[in-house]
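Next come the chains, spelled out residue by residue.
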Amino acid sequence: MNEICLDGEVYYYDSDKAVFFDENFMIPSRPIIQKLAESYFLSIDTTTLSDENLISLIKQTKKTEAYKITIKLCEIAFRTRIDELSMLRIILPIYNSACRNAGYVKEGLETTLHYYRLFKVDSSVLFTTIGSSYCDLGDYDNALKFANKAYAMQGGGVGYNNELSLLYKRIKKLSPSHSNLND
């Protein structure tokens, strides 16, 4: 566990569980967790990290719901590791999801689509997050287009309550013109 001092108090970060604790091993309040995440994660020199460790760090920030930090770390990866398609396949969906959770749906979608088109990144997870963003913005035709791409890529019929099936349910529920979608 890593020790962090914030406002004269001692806290700990367990990187295996991606959880912050206070000195009594209680989980602090959400605002304190945000400050701890910013203090801890942004102090890490990402230039010395391997791709695997940078991806792990990005996943940890998302798991702790430090979405703005997740976005910053993904943007660092876009600038410094942009030539690595395997990395983009992993971090683009995380980036887009973090943007959605932080309230930057349109901006996240624009950036995600830019890299998707520029590097021809394709994955069912990426297509699902893009479809979810379009759904958030009320563009159900594009949401369905990307949901169908994800469905085709994963071979169809994978799980009833996975992210993709939930996206189809949202489209069906929110869009009158798509209410005839099969469950």
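The structure presented is a predicted model; accordingly, all values stated were derived computationally and were not measured.

Draft legend 1. Here's a closer look at the packing of aromatic side chains. If you walk through the whole model with that rule in mind, you get 16 aromatic pairs. Between Tyr13 and Phe41, the ring centres sit 5.3 Å apart and the planes meet at 80 degrees, which makes this aromatic pair edge-to-face. Here the residue Tyr13 occupies a position in strand β2 (residues 9–14), and Phe41 occupies one in helix α1 (residues 30–41), the gap between them amounting to 28 residues. Accessibility assignment for this pair places Tyr13 and Phe41 in one class, buried. A connected cluster of aromatic rings, assembled from ring pairs, spans Tyr13, Phe20, Tyr40 and Phe41.

Draft legend 2. Focus on the sheet that holds strand β1 (residues 2–6). Pairing is antiparallel across the open sheet formed by three strands, whose spatial order is β1-β2-β3. Each edge of the open sheet is held by one strand with a lone partner, namely β1 and β3 (19–22). Across the sheet, the axes of successive neighbouring strands diverge by a mean angle of 30 degrees, strand direction being ignored. Bridge count between β2 and β3: four bridges; the pairing is antiparallel. Residue pairing for β3: Tyr13 is matched across the bridge by Phe20. Where α1 meets the sheet, it contacts β1, β2 and β3, and its direction lies at approximately 115 degrees from that of β1.

Draft legend 3. Region of the structure containing the packing of helix α2 (residues 51–63) against helix α3 (residues 67–80). Running from amino to carboxyl end, α2 crosses α3 at an angle of 160 degrees, the nearest separation of the two axes being 8 Å. Judged by the angle between their axes, α2 and α3 are roughly antiparallel. With respect to the hand of their crossing, α2 and α3 are arranged in left-handed fashion. For the pair α2 and α3, contact is made by Leu54, Leu57, Ile58, Thr61 and Lys62 and by Tyr67, Ile69, Thr70, Leu73, Cys74 and Ala77, respectively.

Draft legend 4. Region of interest: the pairing of β2. Looking at chain direction, β1 and β2 are connected through five bridges and run antiparallel. Across the sheet, residue Cys5 finds its bridge partner in β2, namely Val10. Here β1 folds back onto β2, and the loop between the two strands holds two residues, one of which, Asp7, carries a positive phi near 50 degrees. The hairpin turn running from β2 into β3, its antiparallel successor, is four residues long, and Ala18 in that turn takes a positive phi close to 55 degrees.

Draft legend 5. Quick look at the nonpolar core. Within the largest apolar cluster, 53 residues are counted, with the highest numbers of intra-cluster contacts made by Phe20, Phe41, Ile58, Phe78, Ile91 and Ile171. By residue number, the principal contributor to this core is helix α4 (residues 85–102), which donates eight residues. Beyond its immediate sequence surroundings of up to four residues, Ile171 is in contact with Cys135, Tyr140, Ala143, Leu144, Ala147, His178 and Leu181.

Draft legend 6. Looking closely at helix α8 (residues 163–174). Counted at 1.5 Å a residue, the expected span for α8 with its 12 residues is 16 Å, and the 16 Å between its end C-alpha atoms agrees. Considered for burial, the residues of α8 that qualify are Leu164, Ser165, Leu167, Tyr168 and Ile171. The buried residues of α8 all sit within an arc of 155 degrees when viewed along its axis, so they share a single face. Opposite the buried face of α8, at more than 90 degrees from it, the exposed residues are Glu163 and Lys173. Contact partners of the buried residues in α8: α6 (124–136) and α7 (140–154).

Draft legend 7. Geometry of unusual backbone geometry. Phi is positive for Ala18, which is not a glycine, with a value near 55 degrees. With respect to the element layout, Ala18 can be found in the loop between β2 and β3. Judged by its relative accessible area of 8%, Ala18 falls in the buried class.

Conventions we followed
- Residues numbered from 1 in each chain as written.
- Predicted model: local features only at pLDDT ≥ 70, side-chain atom pairs only at ≥ 80, totals over all residues.
- Heavy atoms only, no water.
- Phe/Tyr/Trp six-rings, centres within 6.5 Å; stacked < 30°, edge-to-face > 60°.
- Helix = DSSP H or I, 4+ residues; strand = E, 2+ residues; numbered from the N terminus.
- Buried < 20%, exposed > 50% of the residue type's maximum accessible area, 1.4 Å probe, protein only.
- Pairing = 2+ DSSP bridges.
- Axes fitted to C-alpha atoms, helices over the stretch in contact; angles between N-to-C directions.
- Contact = heavy atoms within 4.5 Å.
- Parallel < 35°, antiparallel > 145°, perpendicular 65-115°, else oblique.
- Left-handed = near helix turned anticlockwise from the far one by under 90°.
- Core = buried A, V, L, I, M, F, W, Y, C linked by side-chain atoms within 4.5 Å.
- Expected span 1.5 Å × (residues − 1).
- Arc of directions from axis to C-beta.

Purely geometric stuff here, so don't read any function into it on its own.
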